[in-house]
Amino acid sequence: MVAMSSFAPGCIRAVLGPTNTGKTHLAIDRMLGHASGMIGFPLRLLARENYDRIAAAKGARSVALITGEEKIVPPSPRWFVCTVESMPLDLQVDFLAVDEIQLCADAERGHIFTDRLLHARGREETMFLGSETVRALIQHLVPGVAVETRQRLSTLRYTGPRKLSRLPRRSAIVAFSVDEVYALAELTRRQRGGTAVVLGALSPRTRNAQVAMYQAGEVDYMVATDAIGMGLNMDIDHVAFAGLRKFDGRRPRPLWRAEIGQIAGRAGRHMNDGTFGTTNDMPPLDDETVEAVESHRFDVVHRLYWRNRDLDMSSATALLRSLDRPPPRPELLRARDGEDQVVLARLTQDAEIAGRATNPAAVRLLWDICQIPDFRKVMPDHHALLLKRIFLALTGGPDQTGRLPVDWVARQIDRLDVTAGDIDTLTNRIAHIRTWTYISHRADWLDDAAHWQERARDIEDKLSDALHERLTQRFVDRRHALSERRRKDGGELLSAVTAADDVIVEGEQIGRVAGLSFVPHDDEERGRPFVTAARRAVAQAMPGRVGRLVADDDGSFFLTGHGRLTWRGDEVARLARGRSLLTPEIEILRNELLDNPSRESVRLRLSGWLDRHLRRRLGPLFRAAEADIAAPARGLVFQLSEQLGSVPRRQVRSLIATMARADRTALTALGLRFGAQGVYFPSLLKPAAVQLRLVLWNAYGGDAAGRAQGAGTEAMGPCQPASVASDACWAALGYLVIGPVAVRYDRLEQLSAQLHKEARGGPFGETETLSRMAGCSGADFAAILGRLGFRARRGEGADVFVLKRRPARGGKRSREKTGAGDANGRCLGGGEDLHDSGSPFAALRTLVTAK
């Protein structure tokens, strides 16, 4: 064979038409009629499928397979089956064909197909296969081309929208994202018993296994992306579009009519007619689109993507400039920067790379490395790091002809030899090993390249088989037949709840009873009949279970930091807003398996437990409420109950002033402290009590409940930024807002006492001890002291503080000392009433989490 540029092209044909016209069969037949030939396919999967067919017919010694990740080249092959990107264009062959030539208009890969259209030629015959949409451009760009139109072998008919449950057997459901495909596959599994899954991200081996499962009739449905729209020949009778928008690499956009036609054309093969429509609540297709698809008439393509092929390898900068060269004709549109060009631009900015890519050979090597596909679709910088390591290794020898380190390659490949994990994990590993499969086929980069090719292929095969198994486990219910058989016989699936609370259906454990709820094990996988049978068994067992809960001892119940009540570790109810902070309601978790009498029995049992629990944890508050005291003292206790155990002294000074000494002594004996700044129970300021107070506050918060996290309050210090919660929330937790800081009452009393001690010695300044006690310094410290009855005075080098003068004594001077607060008894620092139920819970969550 000789270089292609040394001969004049022979006959050039463009065979155009819709799907199912026999174009590929014609091209292969023509190729095998020549002494030598080459055909390029758009997908590795199609190349492998047709290579196997030709090898079976003509012998493996006569045909070669060349793709980016797989090369099978016997000593003297006559025919080459390739992906379009991997076609060895430096070889001369008698026949050359390119399939799906309309991909010249594809924004990502179009420039490769355009290059083949303009430059790839067979010595005796050249054939381009594709859609009628590129007829005019092919005639314009390829002088002397003979265009042949082929008609579809079967008809394609629109049947309108259908529900997923009403789709006929042998249907392909098409979506345009992995998440949508998986969601539809789950739904199809539940409703129809199982489905095959075809995604572009799957390895060829996995896709083949999924397609084989569908072709063998093990499942009657397939959920796929538009990957099925290109050359995959399957026995599909109906194509249902579950979406009509796709992401094209830059933005979501509506499908073009030609794309709809390409995908819909998978329905009906050979002489069998096919149908297409929409599903998954998609609207019907408009009349113009239906007419275009049924008649195979689509908008003409006016421009093809192009990238310069005459690259300047004198330097990396020159190479980038040559890649940016504008197209020579108005019919051609410069392609967007591909992955190879983007990563080249990144690597040339690296000083180490620039220091070595200083001659044409090194630049050529750098460009070859940039061709390594990013199957993982990771961030460009991450992929660039791998390519940088490869380039530095290959240019590390004395003559810049190094090899990749064997131990490094072994580590990279060996860590992928793990078949454990879910679908996403295995898919990512396969993408990673495909990159190494591509690298292993560069014999000039590796010592013993054949070994690494075999190693990478073996790992890819194992991962592909594991992925097929996971897909089958998740999306194929092999027990669906059992359900159908029971239904047809008029019987029910056998189900029961064991003594260990396991739910058994037809001898298999499919879930458990947790608390008063049925929790299935992967219930979506078990299918609707099994879930129905399990719920029936749980409903029958529910009266006995409620009886066990009602009769159980108090030690089996627990209140979580999120306001949930659990029974033996399982949630059964939650706290809800009641008449006050201290009297929350109990709301049974939604459970249709409980009847109203059972629900009320559970509520009463939990209410009794909660009352006893609160009395144990907040005991001083309850004992004070039940004490034999007069009206002023009862008023004080009521205020304390409303705020869970602490109030600013200013707020209740009139009650304290009229309180009998005996009542004050009685409350003091119960643990109540009458401080200069607040009245509070010290035991209710401990971490466990503060956590419970926050749980009660959240329950009282109505729609805002749960936004403040109860867990972690033990880490809340005595001084906190006031801005992260409302004054009312801080009050419920036992803090008083003073200026920019919320200070816990016990710390506030310590600070107040220390300040007065300092003041007795005359003017005093801010010290580390005082600022630590106040939780702030500087201007914020001065603001707090101003609220506590001190004023700043300019001293030598820094402010000093003195106690403010007290007003002149009047005839009716109150017996109460000055406390923090305003004349209306509200907390200072935010102007918010202590009884306001609003709360910035989101900010408080940040505080708790940070602590």
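Rules of the game
All residue numbers here refer to positions counted from 1 along the written sequence of the relevant chain. Per-residue local features are limited, in this predicted model, to residues with pLDDT of at least 70; the limit for side-chain atom pairs, both in listing and counting, is 80 or more; totals at the level of whole chains, interfaces and linings are taken over all residues. Derived side-chain values reflect all non-hydrogen atoms in the structure, with water molecules and hydrogen atoms excluded from consideration. A run of H or I in DSSP counts as a helix once it spans at least four residues, and a run of E counts as a strand once it spans at least two, with each numbered from the N terminus. Throughout this description, buried means an accessible area under 20% of the type-specific maximum (1.4 Å probe, protein chains only), exposed means over 50%, and partly exposed covers the range between. Note on contacts: a residue pair qualifies if any of its non-hydrogen atoms lie within 4.5 Å across the two residues. Residue-level accessible areas treat just the shown protein chains as cover; the underlying method is Shrake-Rupley with a 1.4 Å probe. Definition used in this section: a nonpolar core is a set of buried Ala, Val, Leu, Ile, Met, Phe, Trp, Tyr and Cys residues joined via side-chain atoms within 4.5 Å. Strands are labelled as partners when DSSP assigns at least two bridges between them. Lines fitted to C-alpha atoms define the axes here, with helix axes fitted over just the stretch in contact, and angles between the N-to-C directions of these axes take values from 0 to 180 degrees. Patch construction takes residues with relative accessible area above 30% that form no salt bridge. Like charges are linked within 9 Å, and nonpolar side chains (Val, Leu, Ile, Met, Phe, Trp, Tyr) are linked within 5 Å. The salt bridge definition used is simple: a Lys or Arg side-chain nitrogen within 4 Å of an Asp or Glu carboxyl oxygen. In summary, the charge assignment counts Lys and Arg as positive and Asp and Glu as negative, without counting His or the chain termini. The atom standing in for a charge is NZ when the residue is Lys, CZ when it is Arg, CG when it is Asp and CD when it is Glu. Put simply, angles under 35 degrees are roughly parallel, angles over 145 are roughly antiparallel, angles from 65 to 115 are roughly perpendicular, and the rest are oblique. In a left-handed crossing the near helix is turned counterclockwise from the far helix by less than a right angle, and in a right-handed crossing that turn is clockwise. For this classification, the nonpolar set comprises Ala, Val, Leu, Ile, Met, Phe, Trp, Tyr, Cys and Pro, the charged set comprises Asp, Glu, Lys and Arg, and every other residue, Gly included, is treated as polar. To estimate how far a helix should reach, multiply one less than its number of residues by 1.5 Å. Arc definition: directions from the helix axis to the C-beta atoms. Here a polar contact is recorded for every N or O atom pair within 3.5 Å, except that within protein the pair must consist of a potential hydrogen donor and a potential acceptor, and residues adjacent in sequence are included only if both atoms are side-chain atoms. What counts as a ring pair is set by centres within 6.5 Å for rings of Phe, Tyr and Trp (its six-membered ring), and what kind of pair is set by the plane angle: stacked under 30 degrees, edge-to-face over 60, tilted for all other angles. Cation placement over rings: the criterion is NZ of Lys or CZ of Arg within 6 Å of the ring centroid and within 35° of the ring normal.

Caption draft 1: Summary view of the overall build of the protein. When its secondary structure is counted, the protein shows 30 helices and 34 strands. Split into buried and exposed, the 851 residues of the protein put 52% on the buried side. Sequence separation of 24 or more characterises 67% of the internal contacts of the protein that already satisfy a separation of 6 or more. Counting only carbon and sulfur atoms, one obtains 49% of the accessible surface of the protein, whose full area is about 38500 Å².

Caption draft 2: Structural detail: the nonpolar core. Core analysis: the largest hydrophobic core is formed by 73 residues, its most contacted members being Leu516, Leu575, Leu636, Leu667 and Trp730. In terms of residues, this core owes the most to one element, helix H25 (residues 687-700), which gives nine residues. Apart from residues no more than four positions distant in its own chain, Leu636 is found in contact with Val647, Val652, Leu655, Met659, Leu667, Leu672, Phe674 and Val679. Ala240, Leu386, Trp436 and Leu463 belong to the second largest nonpolar core, which has 63 residues in total.

Caption draft 3: How the structure looks around the sheet that holds strand E30 (residues 719-721). The sheet built from three strands is open, its strands ordered E30-E32-E31 with antiparallel pairing. Both outer strands of the open sheet, E30 and strand E31 (735-738), are each paired with one neighbouring strand and no more. Put simply, the sheet's adjacent strands are angled 30° from each other on average, direction ignored. Pairing between E31 and strand E32 (residues 741-744): four bridges, direction antiparallel. For Ile738, the partnering residue across the bridge sits in E32 and is Val741. Sheet strands touched by helix H27 (residues 745-760): E30, E31 and E32. Its angle to E32, the strand with the most contacts, is close to 95°.

Caption draft 4: How the structure looks around a negative patch on the surface. A surface patch of like charges, here negative, comprises Asp179, Glu180, Asp422 and Asp424. Within the secondary structure layout, Asp422 lies in the loop between helix H14 (406-414) and helix H15 (423-440). For Asp422, a relative accessible area of 44% corresponds to the partly exposed category.

Caption draft 5: Spatial organisation of the sheet that holds strand E3 (residues 63-66). Strand order across the open sheet formed by eight strands is E4-E3-E5-E2-E6-E7-E1-E8, with mixed pairing between neighbours. The open sheet is flanked by strand E4 (71-72) and strand E8 (146-149), the only strands paired with a single partner. Note that strand E1 (residues 11-16) and E8 share four bridges and pair parallel. Note that in E8 the partner of Ala14 across the bridge is Val147. Sheet strands touched by helix H1 (residues 23-32): E1, strand E2 (37-41), strand E5 (79-83), strand E6 (95-98) and strand E7 (125-130). Its angle to E7, the strand with the most contacts, is close to 165°.

Caption draft 6: The arrangement of the pattern of salt bridges in detail. A complete count under the given rule lists 55 salt bridges for this structure. With its nearest N and O atoms 2.3 Å apart, the salt bridge here joins Glu70 to Arg48. Taken as a pair, Glu70 in the loop between E3 and E4 and Arg48 in helix H2 (residues 44-58) lie far apart in primary sequence, 22 residues in all. Taking the relative accessible area as the measure of exposure, Glu70 reaches 8% and is therefore buried. Judged by its relative accessible area of 26%, Arg48 falls in the partly exposed class. One network of salt bridges, in which partners are shared, links Arg44, Arg48, Asp52, Glu69, Glu70, Arg434 and Glu460.

Caption draft 7: Fine view of the packing of H1 against H2. Contact geometry for H1 and H2: axes closest at 12 Å, N-to-C directions at 40°. Relative to H2, the element H1 is oriented oblique. Of the two possible hands of crossing, H1 and H2 adopt the one that is right-handed. Taking contact as the criterion, the partners of Thr24, Ile28, Met31 and Leu32 in H1 are, on H2, Asn50, Ile54 and Lys58. Tallied by class, the residues present in the contact of H1 with H2 amount to four nonpolar, two polar and one charged.

Caption draft 8: Local environment of helix H20 (residues 596-617). Spanning 22 residues, H20 covers 31 Å between terminal C-alpha atoms, matching the ideal 32 Å at 1.5 Å per step. Turning to H20, its buried residues are Ser598, Val602, Arg605, Leu606, Trp609, Leu610, His613 and Leu614. Axial view of H20: buried residues confined to an arc of 165°, hence all on one face. Every exposed residue of H20 that faces more than 90 degrees away from the buried side is listed here: Asn596 and Pro597.

Caption draft 9: View of the side chain of Lys388. Along the chain, the position of Lys388 falls in helix H13 (residues 380-394). A relative accessible area of 19% places Lys388 in the buried class. Contact partners of Lys388, with chain neighbours within four places excluded, come to Leu347, Asp350, Glu352 and Ile353.

Caption draft 10: Expanded view of the side chain of Glu100. When you line up the elements, Glu100 lands in the loop between E6 and helix H3 (110-119). In this structure Glu100 is buried but unpaired, with Arg266 as the nearest side chain of opposite charge at 5.3 Å. A polar side-chain atom of Glu100 sits 2.6 Å from a polar atom in the side chain of Gln102.

Caption draft 11: Main features of the packing of aromatic side chains. Tallied over the full model, the rule gives nine aromatic pairs. On the basis of an interplanar angle of 70° and a centroid distance of 5.4 Å, the ring pair of Trp408 and Trp436 is categorised as edge-to-face. One end of the pair, Trp408, is in helix H14; the other, Trp436, is in helix H15, with 28 residues separating them in the sequence. Taken individually, Trp408 and Trp436 each receive the classification buried, so the pair is uniform in this respect. Between Phe781 and Phe801, the aromatic rings sit 5.8 Å apart at their centres with planes inclined by 75°, giving edge-to-face as the arrangement. In this pair, Phe781 sits in helix H29 (residues 778-787) while Phe801 sits in strand E34 (residues 799-803), placing the two residues 20 residues apart along the sequence. Each member of the pair, Phe781 as well as Phe801, carries the same accessibility label: buried. Grouping aromatic residues by their ring pairs yields a cluster made of Phe764, Phe781, Phe790 and Phe801. Positioned above the aromatic ring of Phe375, the side-chain terminus of Arg434 is 4.3 Å from the ring centre. The ring of Tyr700 has Arg577 sitting right over it, with the charged end atom 4.0 Å from the ring centre.

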